[in-house]
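If you want the building blocks of each chain, they are given just below.
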Amino acid sequence: MSVIGKPSSRDAALQEGFGAEVAELYAQAARGEANAALQRALELRSFLAVAEEQMARVRDRVHAATAADADMDDLSAENLRWDADWLDAALAGRDGYTAALDQLLRTMPAPNQVASPRTGLSPKIAATAPPAPTASRARAVRTRRP
């Protein structure tokens, strides 16, 4: 099953923000009709749907292992620790994806608002140098000059 059919916790917000059902938003993207904000939103939504599915799988595995009718001999603290680690990873991913998607939805213009052209302004490119090496690294990198 593709991510298009998988539900996510932010589907309603996407539908409200872009004015169409999730499947239609993916169809717009497939036809090349999606703007940059929609493309990013759908990418984040896809990642979110997978992370939430992973969370559900781990939850279901833990519930099955700790069910009242489960065999106590099959219960393993090591397996539960692994599941806790998997759940931590899935939760961290989900939290990151939802935060990024919520931020995108908050900052994008309303669907009926047309972006006003800003003539005379050119984009500025800022470059920063990488941080200077620490003292121990600086010694390792430097070479002696004759």
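With respect to the side chain of Arg45
Inspection of the secondary structure assignment puts Arg45 in helix H3 (residues 36-65). What makes Arg45 buried here is its relative accessible area of 1%. Excluding residues that lie within four positions of it along the chain, Arg45 makes contacts with Val3, Ile4, Lys6, Pro7, Ser8, Asp11, Leu14, Val22, Tyr26 and Leu101.

A look at the pattern of salt bridges
In total, this model carries 9 salt bridges according to the counting rule given. Its salt-bridge partner being Glu52, residue Arg94 comes within 3.0 Å of it at the nearest N-O pair. Residue Arg94 is located in helix H4 (residues 77-107), and its partner Glu52 is located in helix H3; the two are separated by 42 residues in the primary sequence. With a relative accessible area of 15%, Glu52 lands in the buried category. The partner of Arg57 in a salt bridge is Glu53, with the nearest N and O atoms 3.6 Å apart. With Arg57 and Glu53 both in helix H3, this residue pair falls 4 residues apart, about one helical turn. Glu53 gets classed as partly exposed once you look at its relative accessible area, which sits at 27%. Connected via shared salt-bridge partners are Lys6, Glu53 and Arg57.

Here's the deal with the packing of helix H2 (residues 22-30) against H3
A pair of packed helices is captured by two measures, namely the crossing angle of their axes and the spacing between those axes. Between H2 and H3, the least distance of the axes is 10 Å, while the angle of their chain directions is 125 degrees. Judged by the angle between their axes, H2 and H3 are oblique. Where H2 crosses over H3, the two elements pack in a sense that is left-handed. Contacts from Val22, Leu25, Tyr26, Gln28 and Ala29 of H2 reach H3 at Leu38, Leu42, Arg45 and Ser46. For the contact of H2 with H3, the class distribution of residues is 6 nonpolar, 2 polar and 1 charged.

Here's the deal with helix H1 (residues 11-18)
Three or more residues of H1 are buried, namely Asp11, Leu14, Gly17 and Phe18. Angularly, the buried residues of H1 cover 130 degrees about the axis, an arc narrow enough to put them on a single face. Residues of H1 that are exposed and point more than 90 degrees away from the buried face comprise Ala12 and Glu16. The secondary structure elements touched by the buried residues of H1 are H2, H3 and H4.

Comments concerning the nonpolar core
As a rule of thumb, nonpolar side chains are buried together in soluble globular proteins. With 16 residues, the main nonpolar core has Leu14, Phe18, Leu25, Leu101 and Leu105 as its most contacted residues. Those elements that place two or more of their residues in this core are H1, H2, H3 and H4. For this core, the leading source of residues is H3, giving 5 residues. Residues contacting Leu105, with those up to four places away along its chain left out, are Ala13, Leu14 and Phe18.

Here is what the cut-offs are and how they apply
Residues numbered from 1 in each chain as written. Predicted model: local features only at pLDDT ≥ 70, side-chain atom pairs only at ≥ 80, totals over all residues. Heavy atoms only, no water. Helix = DSSP H or I, 4+ residues; strand = E, 2+ residues; numbered from the N terminus. Buried < 20%, exposed > 50% of the residue type's maximum accessible area, 1.4 Å probe, protein only. Contact = heavy atoms within 4.5 Å. Salt bridge = Lys/Arg side-chain N within 4 Å of Asp/Glu carboxyl O. Axes fitted to C-alpha atoms, helices over the stretch in contact; angles between N-to-C directions. Parallel < 35°, antiparallel > 145°, perpendicular 65-115°, else oblique. Left-handed = near helix turned anticlockwise from the far one by under 90°. Nonpolar A, V, L, I, M, F, W, Y, C, P; charged D, E, K, R; others polar. Arc of directions from axis to C-beta. Core = buried A, V, L, I, M, F, W, Y, C linked by side-chain atoms within 4.5 Å.

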